[in-house]
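Examination of the molecular architecture
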Amino acid sequence: MVAGLALITATVVNMLLTWPASSSIVQFTTWVQALQLLIVMGGASFAIFAGHRAMSGGASLATSFHFSWSTIGLVGATAGLLIGGVTTGFTWAGGPTSQNYPNWGQGWQVTATTIEPFLWIVAASVTVFAIAQIVFLVRIGSHNDEPLATPDTTSDY
């Protein structure tokens, strides 16, 4: 479900990127990185997680922890990049239109100050996602390490 929702969201993000009105605001911002993040961390990674869960036979405590923390990391990083891209685009568009400052020096400081909190959100969210992947790698084979049961008696033939 998360992989499908991530790919649907990536389609919407890409569609907004192709429209001239929205593309003029977000074209060279972190919006583009959010699209890549949705495809790789969202679609591809969660499809791999779903395949492993199906092969291992269902849920365990580690997969529940991994799934929820990975989802939190994906949503936080995507939201930070998308909102940061929009705010950066509007500071770029607002600077030249206002004629108060150029796009360098003081103008660039406004852009850097505007996007900084969103980059911290992205950094924290990617860290949460990375911790979940470490837990996943540690636990990936541990619940399948039990040997198969062998019958105590031999058959007659």
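**A few points about the overall build of the protein**
For the protein, the count of helices and strands is 5 helices and 0 strands. Listed by position from the N terminus, the elements making up the protein come as α-α-α-α-α. Here the protein holds 157 residues, and 34% of them are scored as buried. Within the protein, contacts between residues separated by at least 24 positions form 76% of all contacts whose residues are at least 6 apart in sequence. Per element, the accessible surface of the protein, about 9900 Å² overall, is 72% carbon and sulfur.

**Here we look at a nonpolar patch on the surface**
Together, Leu-5, Ile-8, Val-12, Met-15 and Trp-19 make up a nonpolar patch on the protein surface, roughly 500 Å² of accessible area in all. Its place among the elements puts Leu-5 in helix α1 (residues 2–18).

**Some details on the packing of aromatic side chains**
Following the criterion strictly, the structure yields 4 aromatic pairs and no others. Among the aromatic residues, those joined into a ring-pair cluster are Phe-46, Phe-49, Phe-67 and Phe-136.

**Let's talk about the nonpolar core**
Grouped together as the largest cluster of nonpolar side chains are 23 residues, with contacts concentrated most on Val-13, Trp-31, Leu-37, Phe-46 and Leu-74. If you list the elements that add at least two residues to this core, you get α1, α2 (20–26), α3 (31–56), α4 (61–98) and α5 (106–139). In terms of residue count, α3 provides more of this core than any other element does, 8 residues in total. Other than its neighbours up to four places away in sequence, Val-13 contacts Trp-31, Leu-35, Leu-38 and Leu-82.

**Considerations on α1**
Taking 1.5 Å of rise per residue, the 17 residues of α1 would be expected to cover 24 Å, and the 24 Å separating its terminal C-alpha atoms lies within 8% of that figure. For α1, the full list of buried residues reads Val-2, Ala-3, Ala-6, Ala-10, Val-13 and Leu-17. What you see down the axis of α1 is that its buried residues fit within an arc of 90 degrees, all on one side. Across from the buried face of α1, at angles greater than 90 degrees, the exposed residues are Leu-5, Ile-8, Thr-11 and Thr-18.

**Re the side chain of Thr-88**
Within the element layout of this structure, Thr-88 appears in helix α4. For Thr-88, a relative accessible area of 4% translates into the label buried.

**Let's talk about the side chain of Ser-70**
Assignment of secondary structure puts Ser-70 in helix α4. Taking the relative accessible area as the measure of exposure, Ser-70 reaches 0% and is therefore buried. Side-chain polar atoms of Ser-70 contact the side chain of Gln-133, separated by 2.9 Å. When near neighbours in sequence (up to four residues on either side) are disregarded, Ser-70 contacts Phe-46, Phe-49, Phe-129, Ala-132 and Gln-133.

Criteria and thresholds
- Residues numbered from 1 in each chain as written.
- Predicted model: local features only at pLDDT ≥ 70, side-chain atom pairs only at ≥ 80, totals over all residues.
- Heavy atoms only, no water.
- Helix = DSSP H or I, 4+ residues; strand = E, 2+ residues; numbered from the N terminus.
- Buried < 20%, exposed > 50% of the residue type's maximum accessible area, 1.4 Å probe, protein only.
- Contact = heavy atoms within 4.5 Å.
- Areas by Shrake-Rupley, 256 points an atom, 1.4 Å probe, with all protein chains shown as cover.
- Patch = residues over 30% accessible without salt bridge, like charges linked within 9 Å, V, L, I, M, F, W, Y side chains within 5 Å.
- Salt bridge = Lys/Arg side-chain N within 4 Å of Asp/Glu carboxyl O.
- Phe/Tyr/Trp six-rings, centres within 6.5 Å; stacked < 30°, edge-to-face > 60°.
- Core = buried A, V, L, I, M, F, W, Y, C linked by side-chain atoms within 4.5 Å.
- Expected span 1.5 Å × (residues − 1).
- Arc of directions from axis to C-beta.
- Polar contact = N/O pair within 3.5 Å; in protein donor to acceptor, adjacent residues only side chain to side chain.

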